[in-house]
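Observations on the model geometry
The lines below spell out each chain.
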Amino acid sequence: MSPVLQEDDEKDENIPKMLCQMDNHLACVNCVRWSNSGMYLASGGDDKLIMVWKRATYIGPSTVFGSSGKLANVEQWRCVSILRSHSGDVMDVAWSPHDAWLASCSVDNTVVIWNAVKFPEILATLRGHSGLVKGLTWDPVGKYIASQADDRSLKVWRTLDWQLETSITKPFDECGGTTHVLRLSWSPDGHYLVSAHAMNNSGPTAQIIEREGWKTNMDFVGHRKAVTVVKFNPKIFKKKQKNGSSTKPSCPYCCCAVGSKDRSLSVWLTCLKRPLVVIHELFDKSIMDISWTLNGLGILVCSMDGSVAFLDFSQDELGDPLSEEEKVGEYPQNLLKKQVETRTADGRRRITPLCIAQLDTGDFSTAFFNSIPLSGSLAGSMLSSHSSPQLLPLDTSTPNSFGTSKPSTEPAAAAGTRPAGNSVNKDSVNATSAPAASSPSVLTTPSKIEPMKAFDSRFTERSKATPGAPVLTSVTPTAVERLKEQNLVKELRPRDLLESSSDSDEKVPVAKSSSLSKRKLELEVETVEKKKKGRPRKDSRLMPMSLSVQSPAALTAEKDTVCLSVPAPTLKLPMPGPQRAFTLQVSSDPSMYIEVENEVTAVGGVKLSRLKCNREGKEWETVLTSRILTAAGSCDVVCVACEKRMLSVFSTCGRRLLPPILLSSPISTLHCTGSYVMALTAAATLSVWDVHRQVVVVKEESLHSILAGSDMTVSQILLTQHGIPVMNLSDGKAYCFNPSLSTWNLVSDKQDSLAQCADFRSSLPPQDAMLCSGPLAIVQGRASTSGRQAARLFSVPHVVQQETTLAYLENQVAAALTLQSSHEYRHWLLLYARYLVNEGFEYRLREICKDLLGPVHYSTGSQWESTVVGLRKRELLKELLPVIGQNLRFQRLFTECQEQLDILRDK
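We now turn to the structure provided with this report. The model shown is predicted, which means the values in this text are computed figures rather than measured ones.

**Considering the packing of aromatic side chains**
This model, assessed by the stated rule, comprises 15 aromatic pairs. Consider the rings of Trp95 and Phe119, whose centres lie 6.3 Å apart with planes at 75 degrees: the pair is edge-to-face. Linking Trp95 in strand E7 (residues 90-95) with Phe119 in the loop between strand E9 (110-115) and strand E10 (122-127), this pair joins segments that are 24 residues apart in sequence. Given the relative accessible area of 9%, Trp95 is considered buried. Ring geometry for Trp186 versus Trp214: centroids 6.3 Å apart, planes at 80 degrees, classification edge-to-face. Pair noted here: Trp186 is in strand E15 (residues 185-186) and Trp214 is in the loop between strand E17 (203-210) and strand E18 (215-221), with a separation of 28 residues, a long-range link.

Written out as structure tokens, the structure reads:
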């Protein structure tokens, strides 16, 4: 770059201008991308190939092909891998964070994910676009990859199971002509995804998509022709401090460059309403690609006219790039400044995206990249760590020190911080672990809170609007003693504490006075949650729970036991805030979205709210008398929750299906699947209804039993096609509610040692994929590698290996059955049976066969059911028989079952 940057170096003949020219591609090259480590370069072209290049170690000039010896390559780059899979031109390639994967997309309508640790292994081929795929971008956390295609859709895929997370079509509905490329980009903080070619009122825009609910309310406007490429600066910036001015730190922001078919380039800072700079007519033809330099101050732009422009910014223009430490530590308090809302000429709102600059990725290695624990701690400072319950030291110097520990990233704070409806911020909340009770003032200064090491839960996510739950903090005996000495347990009223607490939705432990005796101190700790207006929420339902805390003296004398009687906190889940308007995509196939406008004025000053639904171009609308707080929908129903705890359900043609349902407490989350509607209230009760059959599936079931006595939060919610609710918790466990048994059943546990030790690869049929997709797979994530890693981690005695594998497979069969996931049940049942055959377990195998076969002479009084989760048991047995026949020990069982099936067939 030096001859590009300095004129003297450009004139110096000893400084090479071109380092290497690689001529291996057989046709036009469409994109080149450096790996994050800088070790590899990947290129994709019209020859349908992706080539991965690495710098060769040997030195010595080689001439460039066809240059008759004049041009010499200074560096040698050789092709170390050629990736062949696409059947059409390769349009874009992208390295994942940590270089674990390489993605490529093509005019063959697919995206291919390559295992970058073992080229040319393919991990997944993502099919779903119905047009040429022309751009790719990875979420900086590695949880998603997004692709944009000529089919007027932008699709976000989960890396967890390589399935579609969402397909966004609305901003692209009006798009007419095509562009050569559609290079989209994800912001370095992970909160915003910006598309290429979108339209707003017939004007070309770059659409801003919020990770929180995949909302599409904002865009970058101003280009005269279609946007071809968007590229975020890799750095996060803060305002440069002028000398002599106040040193008050500003809110960090991101920087984004937008290139268009109109041959101009615009550079935006998310803290400004207008672009920082627009350079018109930079080229003779459309802009093709943009790349920022690693320090974030230079930008290279190339055009279809064959030229590359370099633009150099100063720190005065862009700001100071945050260092890695600053990203983590310095700015959490200031992150959520009020968003700037502006209106475009046509009156549509545009919000400057705010940046949450928490993006160090912990130190998980590529090996763990496939299995990042997906959890999320929300709605408050969750003082928890993944290992042991942390102790919360209480500083005794001031009564105010209770509530002042800030979370490392503010969750969406008090009133007016974010546009309404985002009252809980999806990825930004960071569980901080307080160092154990060594220094008394640990929690009074935010700067001393360390972000969690290794798997950092600030990457953890929740689904569209998942609730969190309060924490019960264990108080150390020493802190209690100190409180006792200072007589602080007397007058701590919730109000004082709340006023002194930080401006986030924190849960503040409040101490109330009780009878103080020398031997015994009874302390009630109540968890109070600060609401938007700063008043504590009223709720009297506190469940008593006693903690027996022993002081060192108590170990010698039983009498000295300090007993804390702590009523368990009432679970309070976050509620959606009021919003003027919002749009929600319900499904991509068929394309269906809901639009909500609140307080549309009507006759006589009565304010009505309007609900619109668009399904594949067909629209319907209806009005409601109170403001709509949240909405959900499926291909069968649309459901909205309004103020005053009212829930309304409509058919997909807009017909009201039943009068408004009155909920027992305000709504927290709404979900729809098929004809099932699920409501989770702020008081942590769950209901599921089948609105077509008009029956209740789950009736006001409390989440207490799964969240009780812990500081867990719900990180993801799933409602299966059979109306079964599944809650993924932040500790990696997932429970589903079983309506027929009225119980919560554990269906997945990320820390399950059985999954770690089970090894059933030998039982996998060759044609069967390791992964079977379905609710169980979604809940459990990619558990497919577990057996392999266990075998490598420690050699388990064979008997133990057998026991753990059997137990694990039985758990999987039972979980699939409870979730009523038929193909997963079949997958795991056949795998389990195959394992029983391989290992020679006759007893259990006989039992399975007996149940699948049922009584041959079927009497009316028989209890046997002929189907299980919609599968015919005898058909399953037929699939199983060839497997049983493979082991000679089971010849007898095989012939018995075969004969019985023949008899049944003849009957």
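**What about the sheet that holds strand E42 (residues 646-651)?**
One open sheet holds the 4 strands; their spatial order is E40-E41-E42-E43, and the pairing between them is antiparallel. At either end of the open sheet lies a strand with only one pairing partner, and these are strand E40 (628-633) and strand E43 (656-662). Between one strand axis and the next, the sheet turns by 15 degrees as a mean value, whatever way the strands run. As defined by bridge partners, E40 adjoins strand E41 (residues 637-642) across 5 bridges and the pair is classed as antiparallel. Residue Thr630 lies in a different strand from E41, and its bridge partner there is Ala641.

**Things to note about helix H15 (residues 842-853)**
For H15, built from 12 residues, the straight-helix expectation of 16 Å at 1.5 Å per residue is met to within 8% by its first-to-last C-alpha distance of 16 Å. Listed in full, the buried residues belonging to H15 are Leu845, Ile848, Cys849, Leu852 and Leu853. All buried residues of H15 project into a common sector of 125 degrees when viewed along the axis, lining one side. Across from the buried face of H15, at angles greater than 90 degrees, the exposed residues are Tyr843, Glu847 and Lys850. For H15, the secondary structure elements touched by its buried residues are helix H14 (822-839), helix H16 (873-885) and helix H17 (891-906). Two residues or fewer after H15 comes Gly854, characterised by a positive phi angle close to 70 degrees.

**What to know about the sheet that holds strand E26 (residues 308-312)**
Read across the open sheet, the 3 strands follow the order E24-E25-E26; overall the sheet is antiparallel. With one partner strand each, in any of the chains shown, strand E24 (287-292) and E26 form the two edges of the open sheet. On average, adjacent strands in this sheet sit at an angle of 20 degrees to one another, irrespective of strand direction. In terms of strand pairing, strand E25 (residues 298-303) meets E26 through 5 bridges, oriented antiparallel. In the strand pairing of E26, Leu300 is matched with Phe310.

**Points about the environment of Arg645**
Relative to the helices and strands, Arg645 resides in the loop between E41 and E42. Of the residues examined, Arg645 reaches a relative accessible area of 34% and is grouped as partly exposed. Through-space distance from the C-alpha of Arg645 to that of Pro660 is 9.4 Å; in sequence the pair is 15 residues apart. Here Arg645 is in contact with Ile661, Leu662, Leu663, Ser664, Ser665 and Pro666, once residues within four sequence places are set aside.

**Digging into unusual backbone geometry**
Cis geometry marks the peptide bond from Phe119 to Pro120, where omega comes out at 0 degrees. By the secondary structure assignment, Pro120 is in the loop between E9 and E10. One non-glycine residue with positive phi stands out, namely His98, at about 70 degrees. Here His98 lies in the loop between E7 and strand E8 (101-106). Backbone geometry places Arg645, a non-glycine residue, at a positive phi of 60 degrees.

About the thresholds
- Residues numbered from 1 in each chain as written.
- Predicted model: local features only at pLDDT ≥ 70, side-chain atom pairs only at ≥ 80, totals over all residues.
- Heavy atoms only, no water.
- Phe/Tyr/Trp six-rings, centres within 6.5 Å; stacked < 30°, edge-to-face > 60°.
- Helix = DSSP H or I, 4+ residues; strand = E, 2+ residues; numbered from the N terminus.
- Buried < 20%, exposed > 50% of the residue type's maximum accessible area, 1.4 Å probe, protein only.
- Pairing = 2+ DSSP bridges.
- Axes fitted to C-alpha atoms, helices over the stretch in contact; angles between N-to-C directions.
- Expected span 1.5 Å × (residues − 1).
- Arc of directions from axis to C-beta.
- Contact = heavy atoms within 4.5 Å.

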